[in-house]
Amino acid sequence: MTSQVMNRWGVIAVEGDDAVSFLQAQLSNDVAGMGEGQVRLAALCTAKGRMLGSFFVLRQGNRVLLVTRTDTIEALVKRLSMFVLRSKCKVRNACAEYALSFLPNAEVMGPMRVVWREDGGALVALRSLPAGLPGFLLQPAATHRADPGEGGDDAFELALQQLGLAYISQATVEMFIPQAVNFDLVGGVSFSKGCYPGQEIVARSHYLGKVKRRAFLASAIHEMPIPAASDVWQAGKTNEPAGLVINTLTHMGKHHLLVELLSEDALALGNVFYIMQGDSRIDLQVTSPPYDVNQKGNLFDAA
């Protein structure tokens, strides 16, 4: 099974008798109710419901591994450790202990499934794309075997973009509530698990009124990189930005983005969105993600 090494993604390990119950009270998704053969998305939020980080959550007994962007790990470990208190668990940066690599096709597994290996590593599948079922391989660093060439991070993040799965990087910490990046639609929020930081804000957005802002796919061709957290503008409305860039990467000369916009503006025919870099205007081709943004709640609840 061919894999490509990933360096922009790493692992936080939470281990101990209370690891699961501790994370159950901290993350947006149901950790206690997930099986060892599942992978779930989850967010860590502030009391105001703003996302500090996003994770792929893997659980094996009293060991929970949180796969996330490496540029957020130091702050997330510090934040989670603040709330351990008397819980019998430890939160640590485990990037040196585990290696990650992208799997272009994990067809031997079902969507959002995990197969644990005897060496303590795991095979993880995400959701299907026309080209296959992308995922990633987690291995103990001592036994890591992967294609040493570059490109694993770009391939993984391109797959996430195509699936409409957003993630938080250092540039976008505390910018979005989960619904603004569609986390409630892709199985990243449980509305029945009980309290966690920001739960009241997230629940209020879900139960009271319509969620107005959502994440959409976008693309552009331009010689300059487009940073995450860049303002997105709508033609004809120059008084304030229409939204923000959530995620961005460049692949084969084309920029691929997830952008946060008002749903009614993004779905309306004829609206033009763009990004300004100095005096240069970069027009965006905006499309819907591969699921219905007008729905509420988890369209892809964990199996």
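Residues numbered from 1 in each chain as written. Predicted model: local features only at pLDDT ≥ 70, side-chain atom pairs only at ≥ 80, totals over all residues. Heavy atoms only, no water.

**Q** Looking at this model, I keep getting lost on the side chain of lysine 193. Mind explaining?
**A** If you trace the backbone, lysine 193 turns up in the loop between α3 (152-163) and α4 (199-207). Ignoring anything within four residues of it in the chain, the contact list for lysine 193 reads Gln24, Leu27, Ser28, Asn29 and Asp30. (Helix = DSSP H or I, 4+ residues; strand = E, 2+ residues; numbered from the N terminus. Contact = heavy atoms within 4.5 Å.)

**Q** What is the right way to read the pattern of salt bridges from this model?
**A** Where charged atoms from two side chains of opposite charge approach closely, those side chains can pair. On inspection of all chains with the given rule, the structure shows twelve salt bridges. In this structure, the salt-bridge partner of arginine 8 is glutamate 157, at a minimum N-O distance of 3.1 Å. With arginine 8 in the loop between β1 (4-6) and β2 (9-15) and glutamate 157 in helix α3, this residue pair connects regions lying 149 residues apart in the sequence. With its nearest N and O atoms 2.6 Å apart, the salt bridge here joins aspartate 283 to arginine 281. Judged by relative accessible area, which is 42%, aspartate 283 ranks as partly exposed. Look at arginine 281 and you get partly exposed, because its relative accessible area is 43%. The network of salt bridges with shared partners includes Arg8, Arg69, Asp71, Asp154 and Glu157. (Salt bridge = Lys/Arg side-chain N within 4 Å of Asp/Glu carboxyl O. Buried < 20%, exposed > 50% of the residue type's maximum accessible area, 1.4 Å probe, protein only.)

**Q** What is the right way to read the environment of phenylalanine 55 from this model?
**A** Assignment of secondary structure puts phenylalanine 55 in strand β4 (residues 51-60). Phenylalanine 55 sits in the buried class, given a relative accessible area of 1%. Between the C-alpha atom of phenylalanine 55 and that of arginine 40, which follows or precedes it by 15 residues, the distance is 8.0 Å.

**Q** Is there a simple way to think about the packing of aromatic side chains in this case?
**A** For any pair of aromatic rings, the description consists of the separation of the ring centres together with the inter-plane angle of the planes. Summed over all chains, the structure comprises eight aromatic pairs. Centre to centre, the rings of tryptophan 9 and tyrosine 167 are 5.2 Å apart; their planes meet at 70°, and the pair counts as edge-to-face. Placement of the pair is tryptophan 9 in strand β2 and tyrosine 167 in the loop between α3 and α4, with a sequence separation of 158 residues. Each member of the pair tryptophan 9 and tyrosine 167 is classed as buried. The ring centre of tyrosine 274 lies 4.3 Å from the NZ or CZ of arginine 281, which sits over that ring. (Phe/Tyr/Trp six-rings, centres within 6.5 Å; stacked < 30°, edge-to-face > 60°. Lys NZ or Arg CZ within 6 Å of the ring centre and 35° of its normal.)

**Q** Whenever I open this one, the pairing of strand β16 (residues 280-287) confuses me. Can you help?
**A** Working note: regular strand, side chains alternate between the two faces of the sheet. Examined bridge by bridge, strand β11 (residues 213-220) and β16 share three bridges and lie antiparallel to one another. When the sheet's bridge partners are listed, serine 219 is paired in β16 with glutamine 285. As defined by bridge partners, strand β15 (residues 273-277) adjoins β16 across five bridges and the pair is classed as antiparallel. Among the inter-strand pairings, tyrosine 274 is bridged to a residue of β16, identified as aspartate 283. (Pairing = 2+ DSSP bridges.)

**Q** Looking at this model, I keep getting lost on the sheet that holds strand β12 (residues 231-234). Mind explaining?
**A** Hydrogen bonding along the main chain pairs the strands of a sheet, whether they run parallel or antiparallel. Spatial strand order, β11-β14-β13-β12-β15-β16: six strands in a closed barrel with antiparallel pairing. Direction aside, the axes of adjacent strands within the sheet are offset by 40° on average. Pairing of β11 with strand β14 (residues 254-262), which is carried by eight bridges, proceeds in the antiparallel orientation. Residue leucine 217 lies in a different strand from β14, and its bridge partner there is leucine 258. Lying over the sheet, α3 contacts β11, β13 (243-251) and β14, oriented at roughly 135° with respect to β13. (Axes fitted to C-alpha atoms, helices over the stretch in contact; angles between N-to-C directions.)

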